[in-house]
Amino acid sequence: QVQLVESGGGLVQPGGSLRLSCAASGSIFSIGAMGWYRQAPGKQRELVATIASGGSTNYADSVKSRFSISRDNAMNTVYLQMNSLKPEDTAVYYCRAVIPGVGGYWGQGTQVSVSS
């Protein structure tokens, strides 16, 4: 089994920045793709950004110019640097990790609130 623990969420003003971290632990042979998803009140969970084991990335159009995903494979950790935050970025952000040959796992989420 794998556990994903997110950190770094909080309250920030519009235009501000936050950096989210997600550390994976447990019985891990290797981690494939990792990513961040978010779920705003009254909306379904949506993809924010993903990063493959080799480092290739993709982003939702709404965040591509503002967010950056990265990973530290030695630490089994994925990060999401969020800049120029907008109120519409307010959501619970969930970490996702895929273990090849096993399946996918979700973190329990961290709240990001963007408000003046």
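Residues numbered from 1 in each chain as written. Predicted model: local features only at pLDDT ≥ 70, side-chain atom pairs only at ≥ 80, totals over all residues. Heavy atoms only, no water.

1. Some details on the state of the cysteines
According to the stated counting rule, one finds 1 disulfide in the structure shown. With its sulfur 2.1 Å from that of its partner, C22 forms a disulfide with C95. Between C22 and C95 the sulfur-sulfur dihedral comes to about -85 degrees; the bridge is accordingly left-handed. A residue pair is termed long-range when its members are at least 10 positions apart, and C22 in strand β3 (residues 18-26) and C95 in strand β9 (residues 91-99) qualify at 73 residues. Overall, the relative accessible area of 0% leaves C22 in the buried class. (Disulfide = S-S within 2.5 Å. Helix = DSSP H or I, 4+ residues; strand = E, 2+ residues; numbered from the N terminus. Buried < 20%, exposed > 50% of the residue type's maximum accessible area, 1.4 Å probe, protein only.)

2. Brief notes about unusual backbone geometry
Within the chain, N76 stands out as a residue other than glycine whose phi angle is a positive 50 degrees. Tracing the sequence through the fold places N76 in the loop between β7 (67-72) and β8 (77-82). Relative accessible area serves as the criterion here: at 26%, N76 is assigned to the partly exposed category.

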